[in-house]
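Reading the structure
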Amino acid sequence: MSLPKPAMRGLLAKRLRFHLPIAFALSLVAAAAFKFAVTEPRKQAYADFYKQYDAMKEFNAMKEAGVFQSVRPSGE
Amino acid sequence: MLASRALVRGLQSGFWRRVSTSSSAWAAHTHDVDVIDCSVPQYNNRLDTPLPDIPFVRNLSAEQKKLKEKEKGPWTQLTKEEKLAIYRLTHELTFPEMKKGSKEWMTVLGGIFFFLGFTGLLVWWQRVFVYGDVPHTLSQEWVEKQTQRMIDMRVNPVHGFAHKWDYEKKQWK
């Protein structure tokens, strides 16, 4: 009936030594995943949109559709 | 409506109380389910209090008294059955028996779903008989005109609404 004496000290340190590197690694992975899955595609989509964007053409299309108050379609 | 639900709950607790005291073996023990005298020590089955204040069986029969006398001697002379009997005199349940789960959660979950469903019926009745008409801006015609205007205005042209409209073919992509 002689059990070994259990660890009495350093319990938190032991736990932190194990869990902190894992926590940091997982956080970095989460940040990297978000960057490459969300922000980079989003930036690319905006860049592609504005590469072929003709502001005057869009403006005239909107004007003819009649959505503006200050400039009415050419018919009126 | 509320009185009937209170009645159901009262019936359920009364049913469980009757089930817990139906066994005649309970009469010999220290439980007094209806009125507990809190001025004297109570017996309890608790994981965090392994040594209760009083033994489970207070009124020992002649046989049990003999066993208690034998317990005063060397314990190596007790048989295994005697040791277990002595344990059961002082304790009602062992730790595994205390920790054993029950199927109560099924009843609880069933009750939750039942009353959620009943609430759903009430909400439905309310929607039909209490609420007035929906605003005219939710009518089919208005929503069509609104959608056309949103397309004309180029709402969210990069990722969202107008992005999904094909302006050449004049249809959704």
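Residues numbered from 1 in each chain as written. Chains lettered and ligands numbered in written order. Predicted model: local features only at pLDDT ≥ 70, side-chain atom pairs only at ≥ 80, totals over all residues. Heavy atoms only, no water.

Using the following cut-off: UniProt positions are given in the numbering used here, feature names are shortened, and annotations may be inferred rather than shown by experiment.
Naming follows an unreviewed UniProt entry, where chain B appears as Cytochrome c oxidase subunit 4 of Culter alburnus. Of the comments in the UniProt record for chain B, the one headed Sequence similarities (unreviewed entry) reads "Belongs to the cytochrome c oxidase IV family."

As annotated in an unreviewed UniProt entry, chain A carries the name Cytochrome c oxidase subunit 6C and is attributed to Culter alburnus. In its Pathway (unreviewed entry) section, the UniProt entry covering chain A states "Energy metabolism; oxidative phosphorylation." What UniProt records for chain A under Sequence similarities (unreviewed entry) is the sentence "Belongs to the cytochrome c oxidase subunit 6c family."

Regarding the pattern of salt bridges
Residues and elements named next belong to chain A. As a reminder, the rule being used: Salt bridge, as used here: a side-chain nitrogen of Lys or Arg that lies within 4 Å of a carboxyl oxygen of Asp or Glu. Starting at the N terminus, helices and strands are each numbered in turn, a helix being any DSSP run of H or I of at least four residues and a strand any DSSP run of E of at least two. Only protein chains enter the area calculation, which uses a 1.4 Å probe; residues under 20% of their type maximum are buried, those over 50% are exposed, and those in between are partly exposed.
The final tally for this structure, using the stated rule, is 11 salt bridges over all chains. With its nearest N and O atoms 3.8 Å apart, the salt bridge here joins K51 to D48. One end of the pair, K51, and the other, D48, are both in helix α1 (residues 11-51), three residues apart, so they sit about a helical turn from each other. For D48, a relative accessible area of 37% puts it in the partly exposed group. Here the salt bridges share partners, and the residues they tie into one network are K35, E40 and K43.

Here we look at the side chain of K63 of chain A
All names here are of chain A. Inclusion rule: In this charge count, Lys and Arg are treated as positive and Asp and Glu as negative; neither His nor the chain ends contribute. A contact between two residues is defined here by any heavy atoms of the two lying within 4.5 Å.
Relative to the helices and strands, K63 resides in helix α2 (residues 55-65). Buried and unpaired, K63 has no salt bridge, with E64 as the nearest side chain of opposite charge at 4.1 Å. Discounting residues that sit within four places of it in the chain, K63 has contacts with F68, V71, R72 and P73.

Considerations on the packing of helix α2 (residues 62-71) of chain B against helix α3 (residues 80-90) of chain B
Residue and element names in this part refer to chain B. To be explicit about the condition: Note on definitions: angles span 0 to 180 degrees between N-to-C directions of axes, and those axes are lines fitted to C-alpha atoms, for helices only across the stretch in contact. To sort the angles, those under 35 degrees are grouped as roughly parallel, those over 145 as roughly antiparallel, those from 65 to 115 as roughly perpendicular, and the leftovers as oblique. Each residue is assigned to one of three groups, with Ala, Val, Leu, Ile, Met, Phe, Trp, Tyr, Cys and Pro labelled nonpolar, Asp, Glu, Lys and Arg labelled charged, and all others, Gly among them, labelled polar.
Packing of α2 against α3 leaves a shortest axis separation of 11 Å and a crossing angle of 110°. With respect to α3, the axis of α2 lies roughly perpendicular. Along the contact surface, α2 presents Q64, L67, K68, K70 and E71, while α3 presents E82, A85, I86, L89 and T90. Counted by class, the contact of α2 with α3 contains four nonpolar, two polar and four charged residues.

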